[in-house]
Number of protein chains: 2
Amino acid sequence: MARERRRQKDRTAETSARLKAATIDLLHDRGFWRMSTVEIARQAGVSRGALTHHFASREEIITESVADMLRRVTDDLHRFAEDFADRGGSSDEIVDYIWRMMSDRLFYVTMEFLPEARHNADFKARLIPVVRAFHAGLDAVWTALAARSGVDPDRTRTAMNASMCLVRGMIAQTVIRDDPLYYTGLLDFWKTQLRPLFPVASGRGAEGGRAPG
Amino acid sequence: MARERRRQKDRTAETSARLKAATIDLLHDRGFWRMSTVEIARQAGVSRGALTHHFASREEIITESVADMLRRVTDDLHRFAEDFADRGGSSDEIVDYIWRMMSDRLFYVTMEFLPEARHNADFKARLIPVVRAFHAGLDAVWTALAARSGVDPDRTRTAMNASMCLVRGMIAQTVIRDDPLYYTGLLDFWKTQLRPLFPVASGRGAEGGRAPG
DNA sequence: ATTTACAAACAATCAAGTTTGTTTTTCGCA
DNA sequence: TGCGAAAAACAAACTTGATTGTTTGTAAAT
């Protein structure tokens, strides 16, 4: 393009980024074990030599790619939490948000590497800190909801972690069962269950923030 | 052994059963792609030649093993549904049952082959009918609960499918997060949510089952 | 006798990591 | 500031090991 001479830092950053993006793409489209480092290089538009230069092993490029992806999602999560706290959203919105976030490749990619984490202690260890950061992002969202609806934070966390698990299980099921109405039905049911737990304080503030158990 | 002369039917049945059991064991302990046909034969205590004699390919022994496993679980499900209908159990009990059923290797093994189903159309096609039968088994349980508590069957199905998804998502999370209290907390939360939807008809209160230790 | 169950050796493929070679960038130093 | 060595970014060929499906051989059941 414009610059014929590029700094090595820039070249490294760009090539690594392309390779990591290609890795996530293939993780999603081809699967953890079906994809090869040859494919990753091809998809990234670089030689396999470039790949081996920047990443010591197949396992390394995968762990770094997944870590990158989770960090990006975590950033989004924090932005959403801030925005949500500012304008005071509803529990419905949160359900929709996590459904969209998880459906958008995140949990499909997760299903690719979860089995590996279960069988490969190094891989799992490398993953845990970044997963913890992701959960901290989730907690930021839950905390915003708890503050906004005046509900006990612990109870909020439980309800929202359950929502996360529900969505995980739903997306797992989409692999075998393709039935959009089934999933919207489940989400609606879930929203209905959550609503009384997190009353919206706005407007005619009749509710003080307590829900009958 | 006791019998020196065995029918070929019996030999085939026994050897196949050993191989399929070994396949499920390794699927759980080593993972879909980490295990090899050599390992399966060794685990089953037969030669690899025996394996190739009874199963045309690696994919075939895996699909047949998984189908067998799902059929066994489905049988259990129907037995539970019958028993549950006879004595009129609580929704708490159902939550405990599906948690136990899914935690007992079933969903870990499922997480091993779900990605394969996502990327391998033949594999998926081979799986769908047996998964459908499994869901029919689940429906038998839900129907028993609906009849017993006089709740609309459709609503019951939705609530119970949500329970299944919740449990799936919880078990997926156990791969990364090892925290038994977290999971019992989620189960208790969910039982509390379900209880008012499925009131126990008798005057004895909703004492049902307690969470497993 | 002929088919079936099992056993073991074989062949071909494939992917990961290594090595070797070439071009571009960086940097110490005159 | 300019030059040359060193290092980094790529590229491609090579090595090795593992795995699957196939083939060939043998004992037992039909």
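Residues numbered from 1 in each chain as written. Chains lettered and ligands numbered in written order. Predicted model: local features only at pLDDT ≥ 70, side-chain atom pairs only at ≥ 80, totals over all residues. Heavy atoms only, no water.

Caption draft 1: Spotlight on the nonpolar core. Ranked by size, the top nonpolar core spans 141 residues in total, and within it V66, I94 and M101 of chain A together with V66, I94, M101 and W190 of chain B carry the most contacts. Among all residues touching M101 of chain A, those that are not within four sequence positions of it are V73, L77, L106, F134 and L138 of chain A. (Core = buried A, V, L, I, M, F, W, Y, C linked by side-chain atoms within 4.5 Å. Buried < 20%, exposed > 50% of the residue type's maximum accessible area, 1.4 Å probe, protein only. Contact = heavy atoms within 4.5 Å.)

Caption draft 2: Examining the protein's contact with DNA strand D more closely. The immediate surroundings of DNA strand D are formed by 21 residues, with T12, H53 and H54 of chain A together with T37 and R48 of chain B found nearest. Counting only the atoms of DNA strand D that lie within 4 Å of the protein, the sugar and phosphate share comes to 70%. Between a phosphate oxygen of DNA strand D and a side-chain N or O atom of H53 of chain A, the distance comes to 2.6 Å. Taking R48 of chain B, its side chain carries an N or O atom lying 2.5 Å from a base nitrogen of DNA strand D. Listing elements by their share of the surface near DNA strand D, those giving two or more residues are α1 (8-29) and α3 (48-54) of chain A together with α1 (8-29) and α3 (48-54) of chain B. Looking at the surface near DNA strand D residue by residue, the classes come out as one nonpolar, twelve polar and eight charged. (Near = heavy atom within 4 Å. Polar contact = N/O pair within 3.5 Å; in protein donor to acceptor, adjacent residues only side chain to side chain. Helix = DSSP H or I, 4+ residues; strand = E, 2+ residues; numbered from the N terminus. Nonpolar A, V, L, I, M, F, W, Y, C, P; charged D, E, K, R; others polar.)

Caption draft 3: Structural detail: the UniProt feature "domain: HTH tetR-type" (unreviewed entry) in chain A. Mapped onto this structure's residue numbering, the UniProt feature "domain: HTH tetR-type" (unreviewed entry) falls at residues 13-73 of chain A. As a span, residues 13-73 of chain A carries 79% helix and 0% strand, and end to end its C-alpha atoms are 20 Å apart. (UniProt positions renumbered as here; feature names shortened; annotations may be inferred.)

Caption draft 4: Seen up close, the protein's contact with DNA strand C. Around DNA strand C, the surrounding shell holds 20 residues, and the nearest of these are T37 and R48 of chain A together with T12, T15 and H54 of chain B. Near-protein atoms of DNA strand C (within 4 Å) split between backbone and bases, with sugar and phosphate holding 74%. Taking H53 of chain B, its side chain carries an N or O atom lying 2.9 Å from a phosphate oxygen of DNA strand C. Between a phosphate oxygen of DNA strand C and a side-chain N or O atom of H54 of chain B, the distance comes to 2.5 Å. Those elements giving two or more residues to the surface near DNA strand C turn out to be α1 and α3 of chain A together with α1 and α3 of chain B. Sort the elements by how many residues they give to the surface near DNA strand C and α1 of chain B lands first, with four residues. Here the surface near DNA strand C is composed, by residue class, of no nonpolar, twelve polar and eight charged.

Caption draft 5: Molecular detail of the relation of the copies chain B and chain A. When chain B is fitted onto chain A, the two copies agree to an RMSD of 0.1 Å after a turn of 180° and an axial shift of 0.0 Å. In short, the pair behaves as if placed about a two-fold rotation axis. (Least-squares fit on C-alpha atoms with pLDDT ≥ 70 in both.)

Caption draft 6: Main features of the interface of chain B and chain A. Opposite the 44 residues of chain B that make contact, chain A presents 44 residues. For the chain B face of the interface with chain A, the top three residues by lost area are R118, I176 and F189 of chain B, together amounting to 17%. Our count for the chain B to chain A interface comes out at four salt bridges. The closest approach of N and O atoms between R118 of chain B and E112 of chain A, which form a salt bridge, is 3.2 Å. Here chain B is connected to chain A by 14 residue pairs in polar contact (both at pLDDT 80 or more). Listing elements by their share of the side of chain B that touches chain A, those giving two or more residues are α1, α5 (91-119), α6 (121-149), α7 (153-174) and α8 (180-194) of chain B. By residue number, the principal contributor to the side of chain B that touches chain A is α7 of chain B, which donates twelve residues. In terms of residue class, the side of chain B that touches chain A is built from 24 nonpolar, eleven polar and nine charged. (Buried area = accessible area lost by both parts, 1.4 Å probe. Salt bridge = Lys/Arg side-chain N within 4 Å of Asp/Glu carboxyl O.)

Caption draft 7: Local environment of the packing of helix α4 (residues 58-87) of chain B against α5 of chain B. Residues and elements named next belong to chain B. Taken N-terminus to C-terminus, the directions of α4 and α5 make an angle of 175°; their axes are 12 Å apart at the nearest point. By the angle between their directions, the pair α4 and α5 is classed as roughly antiparallel. For the pair formed by α4 and α5, the contact residues are V66, M69, L70, V73, D76, L77, F80, F84 and R87 on the first element and E93, I94, Y97, M101, L106, V109 and F113 on the second. Grouping the amino acids of the contact of α4 with α5 by side-chain chemistry returns 13 nonpolar, no polar and three charged. (Axes fitted to C-alpha atoms, helices over the stretch in contact; angles between N-to-C directions. Parallel < 35°, antiparallel > 145°, perpendicular 65-115°, else oblique.)

Caption draft 8: The arrangement of unusual backbone geometry in detail. Residues and elements named next belong to chain A. The backbone phi angle of R105 is positive, close to 70°, even though this residue is not glycine. Within the fold, R105 resides in helix α5 (residues 91-119). For R105, a relative accessible area of 30% corresponds to the partly exposed category.

Caption draft 9: Up close: the domain arrangement of chain A. Residues and elements named next belong to chain A. What the domain assignment reports for chain A is domain 1 (8-55) and domain 2 (59-197). The centre of domain 1, based on its C-alpha atoms, is set 26 Å off from the matching centre of domain 2. Listed as interface residues are 15 residues of domain 1 and, on the opposing side, 15 residues of domain 2. Here domain 1 packs against domain 2, burying approximately 1,400 Å² in sum over the two surfaces, 72% of which is carbon and sulfur. Counting across the interface, domain 1 meets domain 2 through two salt bridges. We note a salt bridge from R105 to D25, for which the minimum N-O separation is 2.9 Å. Between the two partners, domain 1 and domain 2, sit three residue pairs in polar contact (both at pLDDT 80 or more). Breaking the side of domain 1 that touches domain 2 down by element, the ones donating at least two residues are α1 and α3. (Domains from an automatic or database assignment.)

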